[in-house]
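Here are the chains, one letter per residue:
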Amino acid sequence: QVQLVESGGGLVQAGESLTLTCSASGNINSVRFMGWYRQAPGKERDLVALLGVRNPLTNYTNYADSVKGRFTISRDNANLYLQMNKLKPEDTAVYYCHAVERDGTIKWGQGTQVTVPS
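Residues numbered from 1 in each chain as written. Predicted model: local features only at pLDDT ≥ 70, side-chain atom pairs only at ≥ 80, totals over all residues. Heavy atoms only, no water.

Novice: Quick rundown of the packing of aromatic side chains? Include the residues and the values.
Specialist: Two descriptors summarise a pair of aromatic rings, namely the distance from one centre to the other and the angle between the planes of the rings. As enumerated under the stated definition, the model contains two aromatic pairs in all. Note on Tyr37 and Trp108: the rings are 5.1 Å apart at their centroids and 75° apart in plane angle, and the pair reads as edge-to-face. Pair noted here: Tyr37 is in strand E4 (residues 31-39) and Trp108 is in strand E10 (residues 106-108), with a separation of 71 residues, a long-range link. Residue classification places Tyr37 among the buried positions, given a relative accessible area of 18%. Their ring planes at 85° and their centres at 6.4 Å tell us that Tyr96 and Trp108 sit as a pair that is edge-to-face. Here the residue Tyr96 occupies a position in strand E9 (residues 93-101), and Trp108 occupies one in strand E10, the gap between them amounting to twelve residues. The exposure class assigned to Tyr96 is buried, which follows from its relative accessible area of 14%. A residue is classified by how much of its surface remains accessible, and Trp108, at 37% relative accessible area, is partly exposed. Through a chain of ring-to-ring contacts, the aromatic side chains of Tyr37, Tyr96 and Trp108 assemble into a single cluster. Cation over ring: Arg45 sits above Tyr96, and NZ or CZ is 3.7 Å from the ring centre. (Phe/Tyr/Trp six-rings, centres within 6.5 Å; stacked < 30°, edge-to-face > 60°. Helix = DSSP H or I, 4+ residues; strand = E, 2+ residues; numbered from the N terminus. Buried < 20%, exposed > 50% of the residue type's maximum accessible area, 1.4 Å probe, protein only. Lys NZ or Arg CZ within 6 Å of the ring centre and 35° of its normal.)

Here is the structure:
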């Protein structure tokens, strides 16, 4: 199975930038999609950005409307990244790395906190 570990969260001022990293290990060849979700207290866990890993959707991306034009999802062979620019207080949440394997198994990382004060 795949294991996911997020890092890079922290406190950042509104308007500034931050990059999150998700390091994947295990059976990474089984992954078909990866993405970032976020969840604030009292709110649902929502999709931030999705990235296709395997054909026919290699490099397919999908972003939440709230982050379009500000966030960019990308990857290399070992890591998934979320570059976050022009951060807003509404971006404050725990950010989770997400992977969908070939057999449909869903994996989550432990989460990393991003805080943007008002």
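Novice: Explain the pattern of salt bridges to me, and be specific about the residues and the numbers.
Specialist: All told, the structure shown has three salt bridges when counted by the stated rule. Of the charged contacts, one joins Arg38 and Asp91 as a salt bridge, the two residues approaching to 2.8 Å between their closest N and O atoms. Here Arg38 is found in strand E4, whereas its partner Asp91 is found in the loop between strand E8 (79-84) and E9, with 53 residues between them in sequence. When sorted by exposure, Arg38 lands in the same class as Asp91, which is buried. The residue Arg70 makes a salt bridge to Asp91 at a minimum N-O spacing of 2.8 Å. Remark: Asp91 occurs in the loop between E8 and E9 and Arg70 occurs in the loop between strand E6 (61-63) and strand E7 (71-75); sequence separation between them is 21 residues. Judged by its relative accessible area of 8%, Arg70 falls in the buried class. The exposure class of Asp91 is buried, given its relative accessible area of 0%. Connected via shared salt-bridge partners are Arg38, Arg70 and Asp91. (Salt bridge = Lys/Arg side-chain N within 4 Å of Asp/Glu carboxyl O.)

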